[in-house]
Amino acid sequence: MSLENAINTPAGEYVRGGFAATIQMPQTRAMKSGKSFYVCKAADGAFRADLSSFTQDFEKYNGQRVHFSGMGLKRGDDYMGTAKVTIGDKAVWKSLGAGDEAAESHSVTTQAFPTIKTYTSNTPSVYLNSPVRVEGAAVGNALTNATSLAIAGKIQSEALESFLFHTASKYLRTANKLLAGELSPSNILAEKEVATEEVPF
């Protein structure tokens, strides 16, 4: 399994099959309790993630490609657009030798880690059989907007859950289309006549 598959694992779930990546910028940090934990950047081609471990230091693997497998590989929440993976104490670490410096190097001063894959193509991308990641903030915003509509529309409590679910889902689908670069035609309002006449009751 690749780092891409680990990144695409939903937050809070365990990574299946393991992954390999080049270890970069290892650091030791301390919790408020004084206990140390270890962090690093991981690179695999165009894919980047932040790794953390509470039991093993990444320093001895700096610049090496390492394969992580076994139990305890858990996908964390994204932080500032970067995927997080925690390497548990039961995980198996295996050095695969020197990492690909040319393909996976980055600037320490600029932290140039691309978080989005870019493609050059004239045809729209179609992603089949790949789950769409929906982050917590996006869900919160969608629910807030759906709740505002429910209040304005005086939705009754029996239908509220269904209304919120469907409306928030529409917001999220629309956001995903926009993030994928799919835009509405700029002249859509000119193409459709908007009825201004009042309808008698």
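Residues numbered from 1 in each chain as written. Predicted model: local features only at pLDDT ≥ 70, side-chain atom pairs only at ≥ 80, totals over all residues. Heavy atoms only, no water.

## Points about the overall build of the protein chain
Of regular secondary structure, the protein chain possesses five helices and seven strands. Walking the protein chain from its N terminus toward its C terminus, one meets helices and strands in the order α-β-β-β-β-β-β-β-α-α-α-α. Intrachain contacts of the protein chain at a sequence separation of at least 6 include 57% that bridge at least 24 residues. As displayed, the protein chain offers around 14,100 Å² of accessible surface, 56% of which is attributable to carbon and sulfur atoms. (Helix = DSSP H or I, 4+ residues; strand = E, 2+ residues; numbered from the N terminus. Contact = heavy atoms within 4.5 Å. Areas by Shrake-Rupley, 256 points an atom, 1.4 Å probe, with all protein chains shown as cover.)

## Digging into unusual backbone geometry
Although it is not a glycine, Met-25 adopts a positive phi angle of roughly 50 degrees. Relative to the assigned elements, Met-25 resides in strand S1 (residues 19-30). In this structure, Met-80 takes a positive phi of about 55 degrees despite not being glycine. As for its placement among the helices and strands, Met-80 is situated in the loop between strand S5 (73-79) and strand S6 (82-87). Of the residues examined, Met-80 reaches a relative accessible area of 72% and is grouped as exposed. (Buried < 20%, exposed > 50% of the residue type's maximum accessible area, 1.4 Å probe, protein only.)

## Some remarks on the layout of surface pockets
Considering only enclosed or pocket space, the second largest pocket measures out at about 330 Å³ in volume. Lining the second largest pocket are 15 residues, with Arg-29, Val-39, Lys-41, Asp-50 and Lys-84 sitting closest to its centre. When residues of the lining of the second largest pocket are traced back to their parent elements, those giving at least two are S1, strand S2 (36-44), strand S3 (47-53) and S6. If you tally residues by element for the lining of the second largest pocket, the top one is S2, at four residues. Considering only residue class, the lining of the second largest pocket consists of seven nonpolar, four polar and four charged. (1 Å grid on protein atoms, 1.4 Å probe; cavity = no way out; pocket = protein on both sides within 12 Å on 5 of 7 lines; lining within 4 Å. Points joined across faces, edges and corners; volume = space filled by probe spheres on them. Nonpolar A, V, L, I, M, F, W, Y, C, P; charged D, E, K, R; others polar.)

## A closer look at the environment of Lys-35
On the secondary structure map, Lys-35 appears in the loop between S1 and S2. Given a relative accessible area of 48%, Lys-35 falls into the partly exposed group. Expressed as a C-alpha distance, the spacing of Lys-35 and Phe-54, which sit 19 residues apart in the sequence, is 8.8 Å. The residues touching Lys-35, leaving out its near neighbours within four places in the chain, are Arg-29, Ala-30 and Phe-54.

## Here we look at the pairing of S3
Among the seven residues of S3, seven are classified as buried, and the element is accordingly described as predominantly covered. A two-sided burial pattern is seen for S3, the buried positions comprising Phe-47, Ala-49, Leu-51 and Ser-53 on one face and Arg-48, Asp-50 and Ser-52 on the other. Between the antiparallel neighbours S2 and S3 lie two residues, among them Gly-45 with a positive phi of about 65 degrees. Note that S3 and S6 share five bridges and pair parallel. Along S6, the bridge assignment pairs Asp-50 with Lys-84. (Pairing = 2+ DSSP bridges.)

## With respect to the packing of aromatic side chains
On inspection of all chains with the given rule, the structure shows five aromatic pairs. Considering the side-chain rings of Phe-19 and Phe-68, the 5.3 Å spacing of their centres and the 40 degrees angle between planes classify their relative orientation as tilted. Separated by 49 residues along the polypeptide, Phe-19 in strand S1 and Phe-68 in strand S4 (residues 64-70) bring together distant segments of the chain. You can call Phe-68 buried: its relative accessible area is 0%. Measuring from ring centre to ring centre gives 5.8 Å for Phe-37 and Phe-54, while their planes differ by 35 degrees; the resulting arrangement is tilted. Of this pair, Phe-37 sits in strand S2 while Phe-54 sits in the loop between S3 and S4; the two residues are 17 residues apart in sequence, bridging distant segments of the chain. (Phe/Tyr/Trp six-rings, centres within 6.5 Å; stacked < 30°, edge-to-face > 60°.)

## Section: the pattern of salt bridges
In a structure, side chains of opposite charge can pair up when their charged atoms sit close to one another. This model, assessed by the stated rule, comprises four salt bridges. Here Asp-44 ties to Arg-65 by a salt bridge, and the two come within 3.0 Å at their closest N and O atoms. Of the two residues, Asp-44 is situated in strand S2 and Arg-65 in strand S4; the sequence distance between them amounts to 21 residues. Lys-84 is the partner of Asp-50 in a salt bridge, and the nearest nitrogen-oxygen pair spans 3.0 Å. Taken together, the residues Asp-50 in strand S3 and Lys-84 in strand S6 connect sequence positions 34 residues apart. Residue Asp-50 is classed as buried on the basis of its relative accessible area, which comes to 11%. Through salt bridges with shared partners, a single network forms among Lys-41, Asp-50 and Lys-84. (Salt bridge = Lys/Arg side-chain N within 4 Å of Asp/Glu carboxyl O.)

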